[in-house]
Amino acid sequence: MAKRQVSLYIDDAAIELMVSKGREALKWSTVALEPGMVKGGVIQDQVGVAAKIRELWQAEKLGGNKKVVVGVSGTNCLYQLITLPEL
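Reading the values: rules and limits
- Residues numbered from 1 in each chain as written.
- Predicted model: local features only at pLDDT ≥ 70, side-chain atom pairs only at ≥ 80, totals over all residues.
- Heavy atoms only, no water.
- Core = buried A, V, L, I, M, F, W, Y, C linked by side-chain atoms within 4.5 Å.
- Buried < 20%, exposed > 50% of the residue type's maximum accessible area, 1.4 Å probe, protein only.
- Helix = DSSP H or I, 4+ residues; strand = E, 2+ residues; numbered from the N terminus.
- Contact = heavy atoms within 4.5 Å.
- Pairing = 2+ DSSP bridges.
- Axes fitted to C-alpha atoms, helices over the stretch in contact; angles between N-to-C directions.
- Patch = residues over 30% accessible without salt bridge, like charges linked within 9 Å, V, L, I, M, F, W, Y side chains within 5 Å.
- Areas by Shrake-Rupley, 256 points an atom, 1.4 Å probe, with all protein chains shown as cover.
- Salt bridge = Lys/Arg side-chain N within 4 Å of Asp/Glu carboxyl O.

1. Examining the nonpolar core
Alright, step 1. Grouped together as the largest cluster of nonpolar side chains are 15 residues, with contacts concentrated most on Ile 15 and Leu 17.
Alright, step 2. Looking at this core, the element that brings in the most residues is helix α1 (residues 46-59), giving 4 residues.
Alright, step 3. Beyond its immediate chain neighbours, meaning those up to four positions away, Ile 15 contacts Leu 8, Tyr 9, Ile 10, Ser 29, Thr 30, Val 31, Leu 33, Val 49, Lys 52, Ile 53 and Leu 56.

What follows is the structure, given as structure tokens:
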């Protein structure tokens, strides 16, 4: 049985959130970012971006999801598993 997965994608203009189960998208939401919060895949305003993520999280009523896949736009790509404090 497929597990529910929460994914975030952050680029210079918006943060996109998708909740999926297997290959099926259950929810999809987007929140726009003000110009300059993220530039070239680098988060310039960490507090502002965290507030936008929190806003999106609360709007979708995601509660205590512990694992999230996050993508940030940019020219280079790598992956690493990290543990973040609760927002």
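2. Digging into the sheet that holds strand β2 (residues 14-21)
Alright, step 1. Taken in spatial order, the 4 strands of this open sheet run β3-β2-β1-β6, and their pairing is mixed. One side of each edge strand has no neighbouring strand; the edge strands of this open sheet are β3 (24-32) and β6 (68-72). Neighbouring strand axes in the sheet, compared pairwise and without regard to direction, differ in orientation by 15° on average.
Alright, step 2. Relative to β2, strand β1 (residues 4-10) runs antiparallel, the two being bridged by 7 bridges. Within β2, the position partnered with Ile 10 by the bridge is Ile 15.

3. Quick look at the side chain of Lys 52
Alright, step 1. Mapping Lys 52 onto the fold places it in helix α1.
Alright, step 2. Ignoring any residue separated from it by four or fewer positions in sequence, one finds Lys 52 in contact with Ile 15, Val 31, Ala 32, Leu 33, Glu 34 and Met 37.

4. Looking at a nonpolar patch on the surface
Alright, step 1. Taken together, Val 68, Val 70 and Val 72 make up a surface patch of nonpolar side chains, about 200 Å² in accessible area.
Alright, step 2. Looking at the secondary structure, you find Val 68 in strand β6.

5. Looking at the environment of Arg 23
Alright, step 1. With respect to the helices and strands, Arg 23 occurs in the loop between β2 and β3.
Alright, step 2. Given the relative accessible area of 90%, Arg 23 is considered exposed.
Alright, step 3. Sequence separation of Arg 23 and Ala 2 is 21 residues, and the distance between their C-alpha atoms is 8.6 Å.

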